[in-house]
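# A look at the structure
What follows is the residue order along each chain.
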Amino acid sequence: QVQLVESGGGLVQPGGSLRISCVASRSISTFNAMGWYRQAPGKQRELVARIVSSDSINYADSVKGRFTASRDNAKSTIYLQMNSLKPEDTAVYYCKAEKYSDWPIPRGDYWGKGTLVTVSS
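This report concerns the structure included in the present document. (Residues numbered from 1 in each chain as written. Predicted model: local features only at pLDDT ≥ 70, side-chain atom pairs only at ≥ 80, totals over all residues. Heavy atoms only, no water.)

## Considering the packing of aromatic side chains
Here the structure, examined in full by the defined rule, presents 3 aromatic pairs. Measuring from centroid to centroid gives 6.4 Å for Y94 and W111, while their planes differ by 85 degrees, and the two rings are edge-to-face. Here Y94 is found in strand β9 (residues 91–99), whereas its partner W111 is found in strand β10 (residues 108–111), with 17 residues between them in sequence. Taking relative accessible area as the criterion, W111 reaches 35% and is therefore assigned partly exposed. Three or more aromatic residues joined by ring pairs make a cluster, and in this case those are Y37, Y94 and W111. A cation sits over an aromatic face here: R45 above W111, 4.6 Å from the ring centre. (Phe/Tyr/Trp six-rings, centres within 6.5 Å; stacked < 30°, edge-to-face > 60°. Helix = DSSP H or I, 4+ residues; strand = E, 2+ residues; numbered from the N terminus. Buried < 20%, exposed > 50% of the residue type's maximum accessible area, 1.4 Å probe, protein only. Lys NZ or Arg CZ within 6 Å of the ring centre and 35° of its normal.)

What follows is the structure, encoded as structure tokens:
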């Protein structure tokens, strides 16, 4: 069983910064990709950033230049540094891990329970 636990969410003023983290219960090298998604009230969940490797990270257009995703294999953790935050960034942020083969864990998508980020003055 894989567990992903997000942390670091909270209330921040517009223009501020926040870093959220996602710790995995096993080595993140197990996974083919990891990423951050978010879901605002009344909206569908959307991709924020997807990490295939340290050199291959994709961002949603809405966060390019403001958000930076990274990974620390030694800590089994991925991060999302969010700068120049806007009210429209308010959402629950979820961590996702993707596994394409059945070893050593079943293939599929694994999700955390999310952390709430609220951008408001």
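Once the structure has been displayed, the description carries forward.
## Comments concerning the state of the cysteines
Note on terminology: disulfide describes a covalent bond linking the sulfur atoms of two cysteines. Under the counting rule described, the total for this entry stands at 1 disulfide. Shown here is the disulfide that connects C22 with C95, its sulfur atoms set 2.1 Å apart. Residues C22 and C95 are joined through a disulfide that is left-handed, its torsion about the S-S bond being -75 degrees. With C22 in strand β3 (residues 18–24) and C95 in strand β9, this residue pair connects regions lying 73 residues apart in the sequence. Across the pair, C95 and C22 agree in class, each one buried. (Disulfide = S-S within 2.5 Å.)

## What about unusual backbone geometry?
In this structure, P104 follows W103 across a cis peptide bond, with omega equal to 0 degrees. Note that P104 resides in the loop between β9 and β10. In this structure, S76 is a non-glycine residue whose phi angle is positive, near 50 degrees. Here S76 is to be found in the loop between β7 (67–72) and β8 (77–82). A residue is classified by how much of its surface remains accessible, and S76, at 13% relative accessible area, is buried. Non-glycine residue S84 carries a positive phi angle of around 50 degrees. With respect to the helices and strands, the residue S84 is situated in the loop between β8 and β9. Since its relative accessible area comes to 40%, S84 is described here as partly exposed.

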